[in-house]
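Spelled out, the chains give:
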Amino acid sequence: ATLAFANPATWPPFLKWTVGVAILGLILAFPVPIRLHATAVLVPLVQQYYHSPVDATVDKVFVAFGQSVKIGEPLIQLRSPSLQEEHDRSVAGQRRNSQRLEELEDSLLRDIKLSASEREKLEAERNTIKSTQSAESNRIVRLQRQLDSLVIRANINGVVATWNVQESLRDR
């Protein structure tokens, strides 16, 4: 009777099943490390495209292909001569208006020899300058924000996935 178990083909189905589960259990109990070597192409899960907020050219590129970037990190510095010139003109105009306002107030306070019509004329000019100061300040703030937006920053953490970043963006 013991020779009957020597041939697995003669085993009852329950015994075959029990031995199979035991062998599988032993295999799973002692894992064998397996190394596979393969090439792969990694594709970003999320792509982020950046566009210039104003008409500008690329001045500096701060990143390279494969570089990790974090949120807020500068990627590109753009240059807009017309925007910079407009900002500089507005700041210079505001400075001139502030100086003129000081001169007018000084004249109105110190010059007692002014006629009523001269005083009225100086007060009208002072009021005009004062009324435009707030609008000019707001304009300068808006222009400064536009200049600040010329530094394109990463909106998400990630890796630069564009080849030849420097060459493809230079002077564009």
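Keep in mind it's a predicted model, so treat the numbers as computed, not measured. (Residues numbered from 1 in each chain as written. Predicted model: local features only at pLDDT ≥ 70, side-chain atom pairs only at ≥ 80, totals over all residues. Heavy atoms only, no water.)

### Some remarks on the sheet that holds strand S4 (residues 151-153)
Spatially, 3 strands are ordered S1-S3-S4 in an open sheet, and the strand pairing comes out antiparallel. The outermost strands of the open sheet, each flanked by one partner alone, are strand S1 (57-61) and S4. In this sheet, adjacent strand axes meet at a mean angle of 30° when their direction is disregarded. (Pairing = 2+ DSSP bridges. Helix = DSSP H or I, 4+ residues; strand = E, 2+ residues; numbered from the N terminus. Axes fitted to C-alpha atoms, helices over the stretch in contact; angles between N-to-C directions.)

### Things to note about the environment of glutamate 125
Secondary-structure assignment places glutamate 125 in helix H3 (residues 116-148). What makes glutamate 125 partly exposed here is its relative accessible area of 30%. The sequence separation of glutamate 125 and arginine 100 amounts to 25 residues, and the corresponding C-alpha distance is 9.4 Å. Leaving out residues up to four positions away in the same chain, glutamate 125 has contacts with Arg100 and Leu104. (Buried < 20%, exposed > 50% of the residue type's maximum accessible area, 1.4 Å probe, protein only. Contact = heavy atoms within 4.5 Å.)

### A look at helix H2 (residues 81-110)
With 30 residues, H2 should cover 44 Å at 1.5 Å per step; its first-to-last C-alpha distance of 43 Å lies within 8% of that length. The set of residues buried in H2 consists of Leu83, His87, Ser90, Gly93, Leu101, Leu104 and Leu108. (Expected span 1.5 Å × (residues − 1).)

### What about the pattern of salt bridges?
Tallied over the entire structure, the rule returns 7 salt bridges. For the salt bridge of glutamate 103 with arginine 100, the shortest nitrogen-to-oxygen distance reads 3.3 Å. Of this pair, glutamate 103 and arginine 100 both sit in helix H2, 3 residues apart, which is roughly one turn of the helix. The exposure class of arginine 100 is partly exposed, given its relative accessible area of 30%. Arginine 100 is paired through a salt bridge with glutamate 125; the nearest N and O atoms lie 2.8 Å apart. Of this pair, arginine 100 sits in helix H2 while glutamate 125 sits in helix H3, and the two are 25 residues apart along the sequence. By sharing partners, the salt bridges in this structure join Arg100, Glu103 and Glu125 into a single network. (Salt bridge = Lys/Arg side-chain N within 4 Å of Asp/Glu carboxyl O.)

### Looking at the nonpolar core
If you look at the biggest cluster of nonpolar residues, it comprises 15 residues, and the most contacted ones within it are Val63, Val69, Leu75, Ile76, Leu78 and Leu150. Mapped by element, the contributors of at least two residues to this core are S1, strand S3 (74-79) and H3. Counting residues per element, this core draws most heavily on S3, at 3 residues. Counting 6 residues, the second largest nonpolar core, distinct from the first, contains Leu101, Leu104, Leu108 and Leu114. (Core = buried A, V, L, I, M, F, W, Y, C linked by side-chain atoms within 4.5 Å.)

### Overview of the side chain of serine 80
Assignment of secondary structure puts serine 80 in the loop between S3 and H2. At 3.2 Å, the side chain of serine 80 forms a polar contact with the backbone oxygen of aspartate 55. Not counting chain neighbours up to four residues away, the residues in contact with serine 80 comprise Val54, Asp55, Ala56 and Leu150. (Polar contact = N/O pair within 3.5 Å; in protein donor to acceptor, adjacent residues only side chain to side chain.)

### Overview of the environment of valine 63
Within the secondary structure, valine 63 is located in the loop between S1 and strand S2 (68-69). Separated by 12 residues in sequence, valine 63 and leucine 75 have C-alpha atoms that sit 5.7 Å apart.

### Here's the deal with the packing of H2 against H3
At a minimum axis separation of 9 Å, H2 and H3 run at an interaxial angle of 155°. By the angle between their directions, the pair H2 and H3 is classed as roughly antiparallel. For the element pair H2 and H3, the recorded crossing hand is left-handed. A breakdown of the residues in the contact of H2 with H3 according to their chemical character gives 10 nonpolar, 12 polar and 10 charged. (Parallel < 35°, antiparallel > 145°, perpendicular 65-115°, else oblique. Left-handed = near helix turned anticlockwise from the far one by under 90°. Nonpolar A, V, L, I, M, F, W, Y, C, P; charged D, E, K, R; others polar.)

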